[in-house]
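# Notes for the structure review
Spelled out from the first residue to the last, the chains are:
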Amino acid sequence: MSRKMHNNYITDSGRRRGAGPLAFLKMPLLLLLAAAFTVCSVPFPSGMKAWASEVEITSDKIPHGKTGKKLNLSFRIKNTGNASMRDLTIGFDVSGGEIWDEEDGDREAGYSFPFEMTQALPTTENPKPIGKLGDEKTVSLSGVVRRDLSNGYYKAPVVVMDKDGSWLGQADLTIWVTQSTGSSDDEEDEPKTYDFVLGEGQSTPDGVYPHVLDFALNLRNNSPATVYNVKAAMVMDADSEKFPFEINDANYDRMFEKIEVDETVPLTYSFAIREDVYSGYYPITMKIYYSKSSTGDELQTYETLFYVRIHNKDKEDEYGEFNEHDRERARLVVDGYTTDPATIIAGQEFELVLRMKNASSSISATNILYSLESEKVSDSAVFTTESGSSSVAMDSLRPGEVKEIRVRLLSKAGVDQRSYGMTIKAKYDSPEFKNAEESMVVDIPVKQIPRLNTGTFEVMPDSINVGAESNVMFAINNTGKVILYNVMVKFEADSIQTVDTYVGNIKPGETGNVDCMVVGAAPTMDDGKIKVTITYEDENGAVSSEEKELSLLVMEEDLSGMEDFEMGEYEDVSAGGTGFMENDQKQKYLAVAAVAAIAAVAAVAVLVIRRRKKKASQEEEEDDEIS
């Protein structure tokens, strides 16, 4: 009975012969056991590489394909290693092929690769590049489903490789195949209709001039498939009757790598309302660009709109009458600010210097009253005034004039390290507008001092010979409110080999553990203190350090020779002995050994004392020469 291996499919008398889906499930138990034994006992086929998995391949959906039609197989790959990977490729593993009995037409026991073997099919020999992999990304492979397959589930083996062709990960993904009728009934092959829903279940953004309008719109993917490389672009317009906001930023696009089916993502914006806009509702056009796959195919466009409501001045009516508040006034802004000291430490006092400017070119402001309101954390103000008053008066500001106001503030001690808002509200008069109001915000950064302490040093043993090792362990506790980045510990002394150990990042309230080996390099000539230097970085990369000490005595190697002495040592038989020591002889040897050990310890102690005295004498002579 002849058996053949095929990478695609064969014809018998001009007729295609289909393989059953997952047909191995129909094999008898004994046949399955025999097949398993055969597979386990056969070495790797020629060209197959032994490999260790460094990439995890997963897919939470089973794609549906039709025979003779192109099927796109999307899946996620996750980096299970510690470093990013570059120049990766993916492809189908077609080395398994198919095996069946050609004479009997029995293909039920064979494995059926579900795609046609064409030059465009990505395989391990003709892979598709996917670039670099950081933590996780979504990729896809596509191929034409074989026309000779019957309805059912099939496995598609995919492989992730590096640029040298070494396997980094492999998985058998499942697909569902149905036979194509070749008629108009195949409606599933028609292009999918993509749709997006904007602002679902949300209120209309509502802004009041001159305050800043902050809002977030929900964008939901209402399409039947995941979309990739999504860009939500708001359409701007210089005409205030069409677009009511100041265009201060160069780009208001919001980008997303992908949006799953029914997934909702936020589009956040912050706009200053234009001075010359009228109250009412304004339609804002949003264009959404997307790709249907992660391979970066041609971008598609979807256009929708939403509304914002603005409260400002009313339009003139048909009789030409104006609202009574539609009058000209000065425009007060914060031209800049400084603090003294420049770096504000949480819990310390500082002086805030605000440069207030009248940005109007022709209208003055008088009787100005500035009121300062601090951002709150846990219902408590981050900044409080030293005097208790948070208001500052100013007589006037001419058009374009800049004046300083100074306020003494105290920052709250227990806040996190970040920037906090200080709102400056101004109430003033202009020639045509009494009691006009402005509101401005500045962000003031607050720093926290890094703090750490160390646990008890555990040195085992606390005295070693030259060339021997001692294990040093202790804990580093982050007692501050900022992260300690790239914590390193360095051990150095004349008596040991300098050693560095990396601890990593330590979050506030957490502990990093140090566990390393210290090797003796020379006998101790001083008091046996080892300098321990702990270094760390802040979020800007600035390095700080703290020094500690531990005790470790390094001695000369034991030269007493008593290590060769053993209690079970034989006598010299040639001298007429019986071959074993008598009890009284053993006791004599024990006594000699004890005396020798005591003498060795005393000798080492005397040697250490002499070396210390010698070193002290040399240091005194050096001091005398310097003096």
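What counts, and at which threshold
- Residues numbered from 1 in each chain as written.
- Predicted model: local features only at pLDDT ≥ 70, side-chain atom pairs only at ≥ 80, totals over all residues.
- Heavy atoms only, no water.
- Helix = DSSP H or I, 4+ residues; strand = E, 2+ residues; numbered from the N terminus.
- Buried < 20%, exposed > 50% of the residue type's maximum accessible area, 1.4 Å probe, protein only.
- Contact = heavy atoms within 4.5 Å.
- Salt bridge = Lys/Arg side-chain N within 4 Å of Asp/Glu carboxyl O.
- Pairing = 2+ DSSP bridges.
- Polar contact = N/O pair within 3.5 Å; in protein donor to acceptor, adjacent residues only side chain to side chain.
- Axes fitted to C-alpha atoms, helices over the stretch in contact; angles between N-to-C directions.
- Patch = residues over 30% accessible without salt bridge, like charges linked within 9 Å, V, L, I, M, F, W, Y side chains within 5 Å.
- Areas by Shrake-Rupley, 256 points an atom, 1.4 Å probe, with all protein chains shown as cover.
- Lys, Arg positive; Asp, Glu negative; His and termini not counted.
- Charge placed at Lys NZ, Arg CZ, Asp CG, Glu CD.
- Phe/Tyr/Trp six-rings, centres within 6.5 Å; stacked < 30°, edge-to-face > 60°.
- Lys NZ or Arg CZ within 6 Å of the ring centre and 35° of its normal.
- pLDDT = per-residue confidence, 0-100.

The next point concerns the overall build of the protein chain. Along its length, the protein chain carries 2 helices and 40 strands. Out of the 627 residues belonging to the protein chain, those deemed buried represent 34%. Of all intrachain contacts in the protein chain linking residues separated by at least 6 positions in sequence, the fraction that spans at least 24 positions is 72%.

Let us now look at the pattern of salt bridges. Tallying each qualifying case throughout the model produces 19 salt bridges. Arg220 is the partner of Asp262 in a salt bridge, and the nearest nitrogen-oxygen pair spans 3.0 Å. In this pair, Asp262 is assigned in the loop between β17 (254-259) and β18 (264-272) and Arg220 in strand β15 (residues 212-221), connecting sequence segments 42 residues apart. Exposure remark for Arg220: the relative accessible area of 16% places this residue in the buried category. Put simply, Arg406 and Glu404 hold a salt bridge, and the shortest N to O gap is 3.3 Å.

We now examine the environment of Val392. Within the element layout of this structure, Val392 appears in strand β27 (residues 391-397). Spatially, the C-alpha atoms of Val392 and Leu372 are 8.4 Å apart, while their sequence positions differ by 20 residues. Non-local contacts of Val392, meaning those with residues more than four positions away in its chain, are made with Ile368, Leu369, Tyr370, Ile405 and Val407.

Of note, Glu263 is situated in the loop between β17 and β18. Given the relative accessible area of 29%, Glu263 is considered partly exposed. In the structure, Glu263 is positioned 40 residues away from Ser223 in sequence and 9.9 Å away in space, judged by C-alpha atoms.

What follows is about the environment of Ile476. Relative to the elements of secondary structure, Ile476 occurs in strand β34 (residues 469-478). With 38 residues separating them in the primary sequence, Ile476 and Val514 have C-alpha atoms 7.6 Å apart.

The subject of this paragraph is the pairing of strand β36 (residues 499-506). As defined by bridge partners, strand β35 (residues 484-492) adjoins β36 across 6 bridges and the pair is classed as antiparallel. Opposite Met488, over in β36, you have Tyr502 as the bridge partner. Following β35, the chain reverses through 6 residues before pairing antiparallel with β36.

Tracing the sequence through the fold places Asn478 in strand β34. Within polar-contact distance, the side chain of Asn478 engages the backbone oxygen of Lys507 at 3.3 Å. With near-sequence residues (within four places) excluded, Asn478 lies in contact with Arg451, Ile483, Leu484, Ile506, Lys507, Pro508, Gly509 and Glu510.

Here we take up the sheet that holds strand β13 (residues 196-198). Taken in spatial order, the 3 strands make up an open sheet running β13-β15-β18, and their pairing is antiparallel. For this open sheet the edge positions go to β13 and β18, each flanked by a neighbour on one side alone. Taken over all neighbouring pairs, the strand axes of this sheet differ in orientation by 25° on average, direction set aside. Of the pairings in the sheet, the one linking β15 to β18 comprises 9 bridges and is antiparallel in character. Bridging from a neighbouring strand, Asn218 pairs with Pro266 of β18.

Turning next to the sheet that holds β27. If you walk across this open sheet you meet the 4 strands as β27-β23-β29-β30, and the pairing is antiparallel. Strands at the two margins of the open sheet, each flanked by one partner only, are β27 and β30 (433-446). Between one strand axis and the next, the sheet turns by 20° as a mean value, whatever way the strands run. Bridge count between strand β23 (residues 365-374) and strand β29 (residues 418-430): 7 bridges; the pairing is antiparallel. Each bridged residue has a counterpart across the sheet, and for Ser374 the counterpart in β29 is Met422.

Let us look at a negative patch on the surface. Residues Asp239, Glu241, Glu246 and Asp276 make up a contiguous surface patch of negative charge. As for its placement among the helices and strands, Glu241 is situated in the loop between β16 (227-234) and β17.

Remark: the centre distance and the inter-plane angle together describe each pair of aromatic rings, the angle taken between the planes. Under the defined criterion, the tally for this structure stands at 19 aromatic pairs. Seen from their ring centres, Phe215 and Tyr269 are 5.6 Å apart, and the 35° between their planes marks the pair as tilted. Highlighted residues: Phe215 in strand β15 and Tyr269 in strand β18, separated in sequence by 54 residues. Considered together, Phe215 and Tyr269 belong to a single accessibility category, that of buried residues. Through successive ring pairs, a cluster of aromatic residues spans Phe215, Phe243, Phe245, Tyr252, Tyr269, Phe271 and Phe306. Sitting over the ring of Tyr289, Lys231 keeps its end group 4.9 Å from the ring centre.

When pLDDT is averaged along the protein chain, the result is 79; 74% of the residues meet or exceed 70. A low-confidence stretch, residues 99-109 stays under pLDDT 50, and its non-local contacts, those more than four residues away or across chains, total 39 contacts. The low-confidence segment residues 562-581, where pLDDT is below 50, has 18 contacts with residues more than four positions distant or belonging to other chains.

Another point: a nonpolar patch on the surface. Together, Tyr281, Leu305 and Tyr307 give the surface a local cluster of nonpolar side chains, amounting to about 340 Å² of exposed area. Inspection of the secondary structure puts Tyr281 in strand β19 (residues 280-291). Owing to a relative accessible area of 52%, Tyr281 belongs among the exposed residues under this scheme.

All right, on to the side chain of Ser240 then. Within the secondary structure, Ser240 sits in the loop between β16 and β17. Looking at Ser240, the relative accessible area reads 13%, which means it is buried.

With that out of the way, let us pick up unusual backbone geometry. Following Tyr209, the chain continues to Pro210 via a peptide bond in cis, the omega torsion being 10°. Here Pro210 is to be found in the loop between β14 (206-208) and β15. The omega angle of the peptide bond from Asp340 to Pro341 is 5°, so this bond is cis rather than trans. If you trace the backbone, Pro341 turns up in the loop between β21 (332-340) and β22 (349-358). A positive phi angle is found at Asp87, which is not glycine, with a value near 55°.

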